[in-house]
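A look at the structure
Below are the chains, spelled out letter by letter.
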Amino acid sequence: MRIARFSIDGNVAFGAVEGDKPDELVLDIIKGIPFADFELSGTKVPLSKVRLLPPVLPNKVVAYGRNYAEHARELGNEVPDAPFAFFKPSTSVIGPGDEIQYPSFSEELHHEAELAVVIGRMCREVPRERVKDVILGYTCANDITARDVQKREKQWARAKGFDTSCPLGPWVETDLDPSDLVVQLTVNGQQRQLGRTSEMIHPIEDLIVNISEAMTLLPGDVILTGTPAGVGPLTVGDEVAVTIEGIGTLTNKVVKRG
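Residues numbered from 1 in each chain as written. Predicted model: local features only at pLDDT ≥ 70, side-chain atom pairs only at ≥ 80, totals over all residues. Heavy atoms only, no water.

Scanning the protein from terminus to terminus reveals four helices and 20 strands. Here the protein has a C-alpha radius of gyration of 17 Å; the compact-globule value for 258 residues is 18 Å, and the two agree. Within the protein, contacts between residues at least 6 apart in sequence are counted, and of these 69% link residues at least 24 apart. With the model as given, the accessible surface of the protein reaches about 11800 Å², and the carbon-plus-sulfur share is 47%. Taking the average place of the 27 positive charges on the side chains of the protein and the average place of its 37 negative ones, the gap between the two points comes to 5 Å. (Helix = DSSP H or I, 4+ residues; strand = E, 2+ residues; numbered from the N terminus. Rg over C-alpha atoms; globule rule 2.2 N^0.38 Å. Contact = heavy atoms within 4.5 Å. Areas by Shrake-Rupley, 256 points an atom, 1.4 Å probe, with all protein chains shown as cover. Lys, Arg positive; Asp, Glu negative; His and termini not counted. Charge placed at Lys NZ, Arg CZ, Asp CG, Glu CD.)

Here's what the structure looks like:
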């Protein structure tokens, strides 16, 4: 099931995305929330009539760096022996079609296409064999990074946590095997990144075990799983699109921060 979060006539709701052709997609409005038992209302609205929002509002976004060997090497970094986590705040999250605001304190903004895992239930110290039980589904993410700031500051809070630095969407796919999906990114229609989730150094199970050893994960929390090689610069006016096999495409435009 594809679960979207959207607004229509000033109201916010979740809906199940139905249909195959982009211009014929409809939303069956969900009674309740997707993190508990819910029913489909049978009330359907065309996707073209709503505004898609970030598919979840996470309490926290836990991101894993250097989880693809070629990406680590392209930036001159060692491949880590263990999962390497950092945070992006909830205020960094935007949805499909929202604008990425180029921060005034950076002159080198980069894209990073990533598969995002959405947590479906409160959990802590999750054993590896139970990881699938705590996952609601998967969505596309773009770990927007102020690369120059990342290079000169020891902590990555500003470089990766500024407002609008975490586009998510377009929806959450709940029925998906994430082990070997194509991940690609284009800028203005030109391909920049192309990889497969099977190239991850540490698979999703290891990432969930790693972070849940340290902290409680809540429904709607998001885990970013790393980016394949090919990261590169964005400029004002660029349209950047992340496409992940079996999920869909997340598109955002870069604008000057007003």
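This brings us to the packing of aromatic side chains. Each aromatic ring pair is described using two quantities: the centre-to-centre distance and the angle formed by the ring planes. Evaluated as defined, the whole model comprises four aromatic pairs. With 5.3 Å between their ring centres and 80 degrees between their planes, F84 and W156 make a pair best called edge-to-face. In this pair, F84 sits in the loop between helix 1 (69–74) and strand 7 (85–88) while W156 sits in the loop between helix 2 (147–152) and helix 3 (157–161), placing the two residues 72 residues apart along the sequence. For W156, a relative accessible area of 14% puts it in the buried group. Directly above the aromatic system of W171 lies the positively charged group of R2, at a separation of 5.7 Å from the ring centroid. When the ring centre of F105 is taken as reference, the NZ or CZ atom of R158 above it lies at 4.6 Å. (Phe/Tyr/Trp six-rings, centres within 6.5 Å; stacked < 30°, edge-to-face > 60°. Buried < 20%, exposed > 50% of the residue type's maximum accessible area, 1.4 Å probe, protein only. Lys NZ or Arg CZ within 6 Å of the ring centre and 35° of its normal.)

Across the sheet, three strands lie side by side as 13-10-18; this open sheet has antiparallel pairing. Sheet topology places strand 13 (145–146) and strand 18 (232–234) at the edges, where each strand pairs with a single neighbour. (Pairing = 2+ DSSP bridges.)

Structurally, N252 is set in strand 20 (residues 248–256). At 2.9 Å, the side chain of N252 and the backbone oxygen of G95 are in polar contact. Dropping the residues within four chain positions of it, N252 is found in contact with I94, G95, P96, G97, D98, I100, P167, D238, E239 and V240. (Polar contact = N/O pair within 3.5 Å; in protein donor to acceptor, adjacent residues only side chain to side chain.)

Here we come to the pattern of salt bridges. Under the criterion given, the structure shown has 15 salt bridges. One salt bridge in this structure joins E125 and R124, with 3.7 Å as the shortest N-O distance. On the accessibility criterion, E125 (52% relative accessible area) is exposed. Taking the relative accessible area as the measure of exposure, R124 reaches 54% and is therefore exposed. A salt bridge links E153 to R158; the nearest nitrogen and oxygen atoms lie 2.8 Å apart. Of the residues examined, E153 reaches a relative accessible area of 23% and is grouped as partly exposed. (Salt bridge = Lys/Arg side-chain N within 4 Å of Asp/Glu carboxyl O.)

Take the sheet that holds strand 19 (residues 239–244) next. The strand order across the open sheet built from five strands is 9-20-19-15-16, with neighbouring strands paired in mixed fashion. The two strands at the open ends of the sheet, each matched to only one other strand, are strand 9 (99–102) and strand 16 (190–196). Going across the sheet, the axis of each strand differs from the next one's by a mean of 20 degrees, ignoring polarity. Bridge count between strand 9 and strand 20: four bridges; the pairing is parallel. Bridged to Y102 within strand 20 is K256. (Axes fitted to C-alpha atoms, helices over the stretch in contact; angles between N-to-C directions.)

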